[in-house]
Amino acid sequence: MKKVTAIISAGILSLSIHAMDFSVDVNPGIVFPSGECKNSLKGPAFGTDLAFNFHLYDMLTIGPELGFDYILKDGEPSSIVDIAPGVKFGTYLYPFGRLGFGLNAATGIHFASYEYPGEKNASGDGYKDGRSPGSLSVCNPYVRFEGNVNYRLHLTLQ
(Lines give C-alpha, C1' and ligand atoms only; values in the text may rest on other atoms or scores of the structure.)
Protein backbone atom coordinates (compact mmCIF):
# COMPACT_ATOMS: atom_id res chain seq x y z
CA MET A 1 0.00 0.00 0.00
CA LYS A 2 2.91 2.34 0.77
CA LYS A 3 4.35 1.77 -2.72
CA VAL A 4 1.01 2.60 -4.38
CA THR A 5 0.66 5.76 -2.28
CA ALA A 6 4.24 6.76 -3.10
CA ILE A 7 3.69 6.22 -6.85
CA ILE A 8 0.43 8.21 -6.84
CA SER A 9 2.06 11.01 -4.82
CA ALA A 10 5.05 11.16 -7.16
CA GLY A 11 2.72 11.25 -10.17
CA ILE A 12 0.69 14.13 -8.73
CA LEU A 13 3.81 16.10 -7.80
CA SER A 14 5.33 15.59 -11.24
CA LEU A 15 2.38 17.26 -12.99
CA SER A 16 3.18 20.77 -14.11
CA ILE A 17 1.10 23.34 -12.31
CA HIS A 18 0.73 26.67 -14.08
CA ALA A 19 0.11 30.02 -12.48
CA MET A 20 -2.94 31.80 -13.80
CA ASP A 21 -2.22 35.12 -15.47
CA PHE A 22 -4.60 38.02 -15.08
CA SER A 23 -4.73 41.57 -16.29
CA VAL A 24 -6.56 44.74 -15.32
CA ASP A 25 -7.90 46.93 -18.11
CA VAL A 26 -8.90 50.55 -17.60
CA ASN A 27 -10.57 51.91 -20.73
CA PRO A 28 -11.71 55.54 -20.71
CA GLY A 29 -14.27 56.27 -23.35
CA ILE A 30 -16.98 58.36 -24.90
CA VAL A 31 -20.45 56.93 -25.48
CA PHE A 32 -22.57 58.44 -28.24
CA PRO A 33 -26.25 57.90 -27.44
CA SER A 34 -28.67 56.45 -29.96
CA GLY A 35 -32.30 55.47 -29.99
CA GLU A 36 -35.26 57.37 -28.65
CA CYS A 37 -33.39 59.21 -25.85
CA LYS A 38 -30.62 60.72 -28.01
CA ASN A 39 -32.51 63.99 -28.64
CA SER A 40 -32.76 64.83 -24.92
CA LEU A 41 -29.04 64.40 -24.18
CA LYS A 42 -26.53 67.26 -24.26
CA GLY A 43 -23.99 65.26 -26.18
CA PRO A 44 -21.85 62.23 -25.50
CA ALA A 45 -21.44 60.50 -22.16
CA PHE A 46 -17.98 60.28 -20.62
CA GLY A 47 -16.87 57.32 -18.58
CA THR A 48 -14.60 54.36 -18.14
CA ASP A 49 -14.69 50.57 -18.05
CA LEU A 50 -12.68 48.55 -15.55
CA ALA A 51 -12.16 44.85 -16.34
CA PHE A 52 -10.32 42.04 -14.54
CA ASN A 53 -9.33 39.42 -17.09
CA PHE A 54 -8.20 35.90 -16.28
CA HIS A 55 -6.10 34.43 -19.10
CA LEU A 56 -6.75 30.82 -20.11
CA TYR A 57 -4.71 28.65 -22.49
CA ASP A 58 -2.52 31.58 -23.64
CA MET A 59 -5.24 32.96 -25.90
CA LEU A 60 -8.59 33.33 -24.07
CA THR A 61 -9.75 35.74 -21.38
CA ILE A 62 -12.80 35.90 -19.13
CA GLY A 63 -13.63 38.09 -16.18
CA PRO A 64 -15.92 40.63 -14.54
CA GLU A 65 -16.13 44.25 -15.67
CA LEU A 66 -17.65 47.44 -14.34
CA GLY A 67 -18.57 50.42 -16.48
CA PHE A 68 -19.27 53.96 -15.28
CA ASP A 69 -20.70 56.80 -17.41
CA TYR A 70 -21.80 60.35 -16.59
CA ILE A 71 -24.42 61.76 -18.95
CA LEU A 72 -25.62 65.39 -19.13
CA LYS A 73 -29.22 65.93 -20.23
CA ASP A 74 -31.43 68.75 -21.44
CA GLY A 75 -34.44 69.19 -19.16
CA GLU A 76 -35.14 67.01 -16.15
CA PRO A 77 -33.30 65.06 -14.83
CA SER A 78 -30.24 67.19 -15.55
CA SER A 79 -27.77 64.30 -15.35
CA ILE A 80 -27.66 60.52 -15.22
CA VAL A 81 -25.01 58.30 -13.64
CA ASP A 82 -24.90 54.94 -15.37
CA ILE A 83 -23.22 51.92 -13.73
CA ALA A 84 -22.92 48.75 -15.78
CA PRO A 85 -21.64 45.49 -14.23
CA GLY A 86 -21.03 42.62 -16.62
CA VAL A 87 -18.85 39.81 -17.88
CA LYS A 88 -16.19 40.17 -20.56
CA PHE A 89 -14.94 37.39 -22.87
CA GLY A 90 -12.08 37.69 -25.30
CA THR A 91 -9.33 36.20 -27.34
CA TYR A 92 -5.90 37.63 -27.98
CA LEU A 93 -2.77 36.93 -29.96
CA TYR A 94 0.79 38.24 -29.52
CA PRO A 95 2.50 37.63 -32.89
CA PHE A 96 5.28 40.19 -32.29
CA GLY A 97 6.37 39.49 -28.72
CA ARG A 98 4.92 42.34 -26.67
CA LEU A 99 2.58 43.75 -29.34
CA GLY A 100 -0.80 42.04 -29.31
CA PHE A 101 -4.20 42.06 -30.95
CA GLY A 102 -7.49 41.12 -29.34
CA LEU A 103 -11.23 40.72 -29.87
CA ASN A 104 -13.62 41.06 -26.93
CA ALA A 105 -17.32 40.75 -26.23
CA ALA A 106 -19.04 41.91 -23.04
CA THR A 107 -22.56 41.58 -21.71
CA GLY A 108 -24.30 42.90 -18.62
CA ILE A 109 -27.00 45.28 -17.44
CA HIS A 110 -27.13 49.05 -16.92
CA PHE A 111 -28.23 50.64 -13.63
CA ALA A 112 -29.04 54.34 -13.94
CA SER A 113 -29.25 56.83 -11.08
CA TYR A 114 -30.56 60.34 -11.51
CA GLU A 115 -31.86 63.29 -9.53
CA TYR A 116 -34.35 65.92 -10.61
CA PRO A 117 -33.23 69.54 -10.08
CA GLY A 118 -36.80 70.84 -9.46
CA GLU A 119 -38.26 72.37 -6.28
CA LYS A 120 -38.54 70.09 -3.25
CA ASN A 121 -41.76 70.01 -1.25
CA ALA A 122 -42.03 71.37 2.32
CA SER A 123 -41.13 68.05 3.98
CA GLY A 124 -37.99 67.65 1.82
CA ASP A 125 -38.72 64.02 0.93
CA GLY A 126 -39.97 64.62 -2.60
CA TYR A 127 -40.70 67.23 -5.21
CA LYS A 128 -43.77 69.42 -5.65
CA ASP A 129 -44.80 67.48 -8.74
CA GLY A 130 -44.73 64.14 -6.83
CA ARG A 131 -41.47 62.71 -8.14
CA SER A 132 -38.93 61.21 -5.77
CA PRO A 133 -35.61 63.04 -5.12
CA GLY A 134 -33.58 60.36 -6.83
CA SER A 135 -34.11 57.00 -8.38
CA LEU A 136 -32.29 53.79 -9.20
CA SER A 137 -33.72 51.91 -12.10
CA VAL A 138 -32.65 48.91 -14.11
CA CYS A 139 -32.24 50.01 -17.69
CA ASN A 140 -31.42 47.72 -20.54
CA PRO A 141 -29.08 44.80 -20.91
CA TYR A 142 -26.09 45.54 -23.09
CA VAL A 143 -23.82 43.66 -25.45
CA ARG A 144 -20.57 45.24 -26.62
CA PHE A 145 -17.97 44.09 -29.15
CA GLU A 146 -14.50 45.59 -29.41
CA GLY A 147 -11.15 45.07 -31.04
CA ASN A 148 -7.88 46.26 -29.58
CA VAL A 149 -4.16 46.59 -30.07
CA ASN A 150 -2.11 46.40 -26.89
CA TYR A 151 1.42 46.40 -25.57
CA ARG A 152 2.27 43.84 -22.89
CA LEU A 153 4.18 44.91 -19.76
CA HIS A 154 5.38 42.49 -17.12
CA LEU A 155 5.59 43.78 -13.58
CA THR A 156 7.38 41.70 -10.97
CA LEU A 157 6.83 42.00 -7.25
CA GLN A 158 9.59 40.64 -5.03
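Our structure's up above, just so we're on the same page.
These numbers were taken from a predicted model, which means no experiment stands behind them.

Quick word on the overall build of the chain
Step number 1: Looking only at helices and strands, the chain features one helix and six strands.
Step number 2: When each of the 158 residues of the chain is scored for burial, the buried share is 21%.
Step number 3: Pairs at least 24 residues apart make up 53% of the contacts formed inside the chain by residues separated by at least 6 positions.

Focus: the packing of aromatic side chains
Step number 1: All told, the structure shown has three aromatic pairs when counted by the stated rule.
Step number 2: Ring geometry for Phe 22 and Phe 54: centres 6.4 Å apart, planes at 45 degrees, overall tilted. Highlighted residues: Phe 22 in strand S1 (residues 22–31) and Phe 54 in strand S2 (residues 45–56), separated in sequence by 32 residues.
Step number 3: Since its relative accessible area comes to 55%, Phe 22 is described here as exposed.
Step number 4: Note on Phe 54: relative accessible area 36%, which makes it partly exposed.
Step number 5: Judged by centre distance (5.5 Å) and plane angle (70 degrees), the ring pair of Tyr 92 and Tyr 94 falls under edge-to-face.
Step number 6: Relative accessible area serves as the criterion here: at 22%, Tyr 94 is assigned to the partly exposed category.

Topic: the pattern of salt bridges
Step number 1: Counted by the stated rule, this structure contains five salt bridges.
Step number 2: Across the pair Lys 88 and Asp 25 runs a salt bridge whose closest N-O atoms are separated by 3.9 Å. A residue pair is termed long-range when its members are at least 10 positions apart, and Lys 88 in strand S4 (residues 79–96) and Asp 25 in strand S1 qualify at 63 residues.
Step number 3: Take Lys 88: its relative accessible area is 3%, and that puts it in the buried class.
Step number 4: The shortest N-O distance in the salt bridge between Glu 146 and Lys 88 comes to 3.1 Å. Residue Glu 146 is found in strand S6 (residues 134–151), and its partner Lys 88 is found in strand S4; the two are separated by 58 residues along the sequence.

With respect to the environment of Ile 109
Step number 1: Tracing the chain through its elements places Ile 109 in strand S5 (residues 99–115).
Step number 2: Classification of Ile 109 by relative accessible area gives partly exposed; the value is 28%.
Step number 3: When the C-alpha positions of Ile 109 and Asn 140 are compared, they lie 5.9 Å apart, and in sequence the two are 31 residues distant.

What about the side chain of Asn 53?
Step number 1: Along the chain, the position of Asn 53 falls in strand S2.
Step number 2: Within the structure, the side chain of Asn 53 is placed 2.6 Å from the side chain of Asp 25, a separation counted as a polar contact.
Step number 3: Leaving out residues up to four positions away in the same chain, Asn 53 has contacts with Asp 21, Phe 22, Ser 23, Asp 25, Thr 61, Ile 62 and Lys 88.

Things to note about the pairing of S2
Step number 1: Burial along S2 is one-sided: Ala 45, Gly 47, Asp 49, Ala 51, Asn 53 and His 55 are buried, and none of Phe 46, Thr 48, Leu 50, Phe 52, Phe 54 and Leu 56, which face the opposite way, are.
Step number 2: One ladder, built from 10 bridges, connects S1 with S2; its direction is antiparallel. Looking across to S2, one finds that Val 24 is bridged to Phe 52.
Step number 3: With nine bridges joining them, S2 and strand S3 (residues 60–72) adopt antiparallel strand pairing. The residue of S3 that forms the bridge with Ala 51 is Glu 65.
Step number 4: Here S2 folds back onto S3, and the loop between the two strands holds three residues, one of which, Tyr 57, carries a positive phi near 55 degrees.

Conventions we followed
Residues numbered from 1 in each chain as written. Predicted model: local features only at pLDDT ≥ 70, side-chain atom pairs only at ≥ 80, totals over all residues. Heavy atoms only, no water. Helix = DSSP H or I, 4+ residues; strand = E, 2+ residues; numbered from the N terminus. Buried < 20%, exposed > 50% of the residue type's maximum accessible area, 1.4 Å probe, protein only. Contact = heavy atoms within 4.5 Å. Phe/Tyr/Trp six-rings, centres within 6.5 Å; stacked < 30°, edge-to-face > 60°. Salt bridge = Lys/Arg side-chain N within 4 Å of Asp/Glu carboxyl O. Polar contact = N/O pair within 3.5 Å; in protein donor to acceptor, adjacent residues only side chain to side chain. Pairing = 2+ DSSP bridges.

Treat this as a map of the structure, not an account of what it does.
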